[in-house]
Structures are given as C-alpha cells and as structure tokens.
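Results of the structural survey
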Amino acid sequence: MTQILVTVRNRENISRFADSYADGFIMADRQFSSSPDCNDLKECVRQAHLISRNLFVRCDRLYEQQELPELRQFLKMIDEIKADGIIYSDIGVFKLMGELGVSYRGIYAPETLLTNYYDIEDLKNDGVDSCIISKDIPLQDVYDIAEKCPDYCYIRIHGPVLIAYSRRRYISSYLQKEDEYTEGYFLQEETRKTLLPIIEKKEGSWLYGTVLQSLSVFSEMLQKPFEGFIIDNICEDDEQTLRILDLYKEAALGKQQGTVALRKLLSENGDKEYTAIEDVRKTWLDKEQA
Amino acid sequence: MKTELLAPAGDMARLKTAIIYGADAVYFGGKQFSLRSRASNFTLEDIREAVEFAHGYGRRVYVTVNIIPHNDDFNGLEEYLKKLEEFGVDAIICASQAILTLCKRVAPEMEVHISTQQTTINTRALSYWKDKNADRVVLGREVNLKQLEEIMGKTDVPIEVFIHGGMCANYSGRCTISNLLTNRDANRGGCAHSCRWDYHLWHDEELLDRDDYLLSLGSRDMCAAEYLEDILKLDVASLKIEGRMKTAFYIASIVRGYRYLIDCYQKQGYISDRQKEKGWEMLMLGTNREVFAGFYPGFDISKGQLYNFPTTASQNFVANVVSYDRDSSEAVIEVRNHFEKGDTLAVMNPYQEDVTFIVDKMTDTDGEEVAVANRPLQLLRIKVPVEVNEYTFVHLVKEQL
C-alpha cells in the first residue's frame, strides 16, 4: 500500500496525528538537516510507534568532510533508537549506511537530480532502498518513472518546493550579521509578487518557491505504483498539516472530491501561491526557446 | 604527478586558443546532452577536428554530457557515446549514474568524469563514484583547502577542482530558481542566472532592505591564484577553469596566467612572490568581474556575494591579429573595441610576457590614416614591436582604462 509521509515539526503534537491520514512522520535533528530540531528523536520514534506510525529522519544536507565522524555516529544512533528510515540528499550517506550495516530504510532524495527512470534503475541496482523523484518534471514523466520502477519511488505531493540549496548564508551576508534566520523570512524578486521562503542556518541556506499541491489529481496518483507520497509542509505548523492531511483524505475518494478539497485549500489559504503538480511543465532549455 | 590545467572551449577558435596558450586539456559540449546550451557547442565533425587538433599537441579532450537528463534525453545517447569514443575523445564529463554506466558499457575506452553537478564534497560520496568505476570526480566548489587536504589524503580517486571563473551561488545542480522564475531549465542548459537578480528581504511583514542595494544571491567570480601553490602541493589531477561562454581573449589570458604559475611551481617547487604578482596581473587582464578566492579559505559572510551586479563588460581587449608582415613588422588587425592613436597597447602571446607599444600610426585597407579605431571588425594596419600571429591578442594597457 502506498505510504503517506508527512512533516511533523513538534514532538508534542505527534499523538494528534493518531487518527490522521499519514502512515509515517518526517522529523529532524537540527545539525543534520534543513529543518528545525524536534529535540528528542528517540522520544519521537517511541511516540510514533505508539500510534503505529513510522518515523523517518530527515538528513537532507550535503555533508562536509570534517562532519563525517559525527554523521557516522548520528546514523548509528538512528539505528539504535529504531527509527524506520531516513531521507537523505548526499550519496555519501548511502555508502555510510552500507558500511554501518544499518537496519532502517534509506530514501535518496537529491531533489533536482532524479528526473529519469534510467538513473533511478541504476540506483536500484546499486542497492539504494528507495528514492524521491524530482518535483521539477511534468507529471506524465513522473508516472512513466513510477511505472517503470514500480513500488520503488516516492514523490512530493504537497509543500513549498525547494528551489535552491547553498553553502552560503545569504541573509547574514546581506545584513552583515551572523545569526540563525530560520522562521518567517522571505525573498521577493524585485519585479514579482511571489514571496519565496528562505531558511538560513550555520550550514547554509534553503530557498523555497511556490507551494506544490496535488489535490485534483491525487485519486489518479493513488492508482500508480508509487511506494509513497510526501507532504513536506516544512514552513507550516502541525495544525495546518493536519488540515492538509484531511484534504488529501477527501481527495483520495475521487477527482470530484479532489476538486472540492482544492477549493477549500485555496479559500482557507488565500495568501499563498500554489502550483498544481499537473501544471509543472516541461522547461525550456534555452533563451531562444523561451 | 603532473597536475593538469583544464580549460573551457565554447567553439573551435577558443579551443585552439586554449591549447596554444598552454592548457593540458580542454572541455566543451556537443550540440546535445550538454549544459551551457547557448555556448556555440560542437557538431560531431567539430569534435573529430577538435580531437585531432588537441592530440596533435599532445593534449586531452573532454566532452561534457552533463545535463540532468529527462527520460527523452537518452534518445540517441548510446550512438553519440560510441561516436565520441571512435573519434578518440579522452573522457566525458557527466552528472548521471545511468550515463556513467552506459558509457562504461558501450564506450569503455573513454574515461568518465563525474561533474560538479553531483556536488561531491566528501570521501564517502567519492567512494560511491569509485565503486561505479568513475575515472575522476570534479569536487563541489564549496570544498575548502583544509577539507581538500583531508580528502586528498583519504582517496585514490583522481580529483579535479575549479580554480577560476563564474560560480554557481548554490550547490551546482541543486538549484532550480531559473526554472521557477523563467521556466528555463538550469539543469539542462537554460539557466537564466536568476541568482544575480535583485531581491527584497522580508521578515514576516517587515521589509529588511538596506539603503544601498537589494539582496542578490549572485556570486563573485572565483580566482584561486592565491591558493594555487597550496592546491598544487596536494597533487590533484586537474585544475579547472570555468567559462565555456567566455571570449577567446578571456581564455587566452586566464590560461596563460595559470600556465605561467603552474610552470613556475613545477620547475622550482614553489612560486615566488614576484611570480605570483606577475601571474595575477596576467589573470586580471581577462577578468572583468570582482573576484574572490572561492571557498578555499573557508566560508566568510563578508566575501563572495556580489551586489549591484555589473552589466558592462571590460573592454580592454581591442583587436585580433589577422596577418603579420615580418619585413615591415606590421600587422593587420581586426578591431574589437575602441582605441586611439597615442594609446598604449600591449601584444599578448602565449608563454610570453606582454610587450607594450604606443600606437603612433594606423591605416585602413585603403592606406588612409586613421586616428580612432571605433568600428568593430574594421581591418587596420599597425606597426607592432614583436612577431605576432593569429593567436596574438592586442589589448589596452590596464593603467589607462
């Protein structure tokens, strides 16, 4: 059965997801991810398992050479606390998992890089447990990949789209003041209205675009052989994530219900700019084509 | 190990320039499967010619197959790789596991180098590529000197690092700002450089813009000359210059500068302060944006960002050489940028220091004297102080810019 994984920000809220549509939660340790800290991963795993849900740890940074010893310890610790898996962006993590012989699943998520089934097939042959297809390609391409690599791939269906990840600290550099700028910061291109959420930590910056949503086509997506869907509500609170899960539960019933759920989403969140997953277009390669 | 100097080539002229000016290897894209879709790029016939030319000088040729491919992009790839191998291309540079695997299967004589688009910055990631039989890995530009030293001590995978040129603001390959704002695919050769645009910064409802300039993600260009000696000591396989879209003058001046510094190091085991200064002057000739040393000294919030992104290019390159008459010491030059009678110009030749001269007379093709050279592509005859050829560039002396 297709898994639905969802970001949970606050450990205290895990029990509130007991009756939700989610099969698993994504939580993070501050140092090894782009996300806020959940404070106590071991307790998060315990609570998730108490309500029969999986717990995946977000390890979505690229790790610098001097961080490898600590990263190794962290990956071992994840095994010890019996987390169900990790979501990682650095292919070096795959090697470390193999060297450590961990028992949890690894979902490889390099965000922009997995845009075809040949690469995904290659990763599968390498022994990578699962991976997340890039959200930057048209839905038909995503379906093609899922059908050619059945029960192997995840796809992000909801949440702000990560459009840039940098080692640089953009806000600190601009303001000439080093700090952690993690909550409520946005960039706005001079000639456009769209606000782009930006998170900055000691380890770099993460810039997000519009909010991806898949409500209208969700029932159709459920018919395809994905291993799972990810609702990555990274810039929202858990209350909002529970509401989003309800909308997807409704949308799972059919296309018409999906349209109704979408209308609710838009009316409840008029201030946000959404991109429907079915509207992700083939990109132009060149200025001339544009 | 002799460290290689690797230069970009946007077209055949720039490829020849890079080789004549001292590059040990050149890289370029074909018409398909390559980033920098607006660089001129090479047809299959061009690639054959490029290999013949480079191999004639004992230099190596790498072809970029570095798009982040979509399903359709694999059409024709197998035949393309076989052709490259048949022509004698020494390596491809790719950013895809599947392309690496395919190349090893269908064109096993060619090396496969893993592109910086994969952002390999640690030894465990290197180990993954080693297991897949990659022949070389281009590290992410975010690796600092200390990290590079540790990496070099712990891997036997040949390593390539960038030393000069434009820098992606974000981890290469992990940026789709261009896709969102312009629908041009950064990872398939259409990057609109949206990182260089101006952005307002908000915190909730509060606007945090500075009075003097808006926020830009754009980066200064890299010039790692200051750290070159340290990098050379580490025995990396290759030092890479970025810039397939750059001019032949840029290629010539940057390749000549690094060639000079590398040769000094390889001959003496060190680079003296005077030599560093001289090399820096050569490099700055072709550099027209603010530079910094990249991440080699470590990340610093006060360096690296470029605000108020400049839109004008340096115009110190003034002419190409079309022909030279040894008897009269006169050259026919093709005007590229404005200069005047009385200006001090310099002749730039490979492996040589510049020779300066004052323009005391120039005539057009009808023999009429000309006081101001301001028509691009106009042919003029001038007296030059040393022998020149088609690979010579004439530039204004910096002090008078």
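The structure displayed is predicted, hence computed values, not measured ones. Sequence order sets the numbering: in each chain, residues are counted from 1 along the sequence as written. Here every chain gets a letter starting at A, and every ligand a number starting at 1, in the order they are written. This being a predicted model, a pLDDT of at least 70 is required before a residue's local features are given, and a value of 80 or more before pairs of side-chain atoms are given or counted; all residues contribute to the totals for chains, interfaces and linings.

So, helix α1 (residues 41-50) of chain A
- Residues are called buried when their C-beta atom has 20 or more other C-beta atoms within 10 Å, exposed when it has 12 or fewer, and partly exposed otherwise; all C-beta atoms are positioned from the backbone. Numbering of helices and strands starts at the N terminus; helices are DSSP runs of H or I of at least 4 residues and strands are runs of E of at least 2. Along α1(A), the positions that sit buried rather than exposed are L41(A), C44(A), V45(A), Q47(A) and A48(A).
- For α1(A), the elements touching its buried residues are β2 (24-28) and β3 (54-59) of chain A. Note on contacts: residues are paired as contacts if their backbone-placed C-beta atoms lie within 7 Å.

Considerations on the pairing of strand β20 (residues 379-383) of chain B
All names here are of chain B.
- Side chains L380 and I382 project from β20 onto a buried face, and the interleaved L379, R381 and K383 project onto a face without burial.
- Two strands form a pair only when DSSP identifies at least two bridges running between them. Relative to β20, strand β14 (residues 330-335) runs antiparallel, the two sharing five bridges. Opposite V332, over in β20, you have R381 as the bridge partner.
- Here strand β18 (residues 362-363) pairs with β20 via two bridges, running antiparallel. When the bridges of β20 are listed, T363 appears paired with R381.

With respect to the interface of chain B and chain A
- In this complex, chain B contributes 59 residues to the contact, which on the side of chain A involves 57 residues.
- Among the secondary structure elements, those contributing two or more residues to the side of chain B that touches chain A are α4 (97-106), α5 (123-131), α6 (145-154), α7 (177-182) and β8 (199-203) of chain B.
- Following the grouping adopted for this structure description, the nonpolar residues are Ala, Val, Leu, Ile, Met, Phe, Trp, Tyr, Cys and Pro, the charged ones are Asp, Glu, Lys and Arg, and the polar ones are all others, Gly among them. Among the residues forming the side of chain B that touches chain A, the class breakdown is 24 nonpolar, 25 polar and ten charged.
- Strand direction decides the pairing type here: strand β8 (residues 185-189) of chain A and β8(B), joined by five bridges, are antiparallel. For F186(A), the partnering residue across the bridge sits in β8(B) and is W202(B).

Observations regarding helix α10 (residues 273-286) of chain B
Residue and element names in this part refer to chain B.
- Each helix should span, by expectation, one fewer than its residue count multiplied by 1.5 Å. For α10, spanning 14 residues, the distance from its first C-alpha to its last is 21 Å, which sits close to the expected 20 Å at 1.5 Å a residue.
- Of the residues making up α10, those classed as buried are G279, M282, L283, L285 and G286. Taken down its axis, α10 places every buried residue within 150° of arc, on the same side. Across from the buried face of α10, at angles greater than 90 degrees, the exposed residues are D273, R274 and E277.
- Its buried side turned inward, α10 meets β10 (221-223), α9 (248-268) and β21 (393-396). Within this analysis, the arc is defined by the directions that extend from the helix axis to the C-beta atoms.

What is shown is where atoms sit, not what they do.
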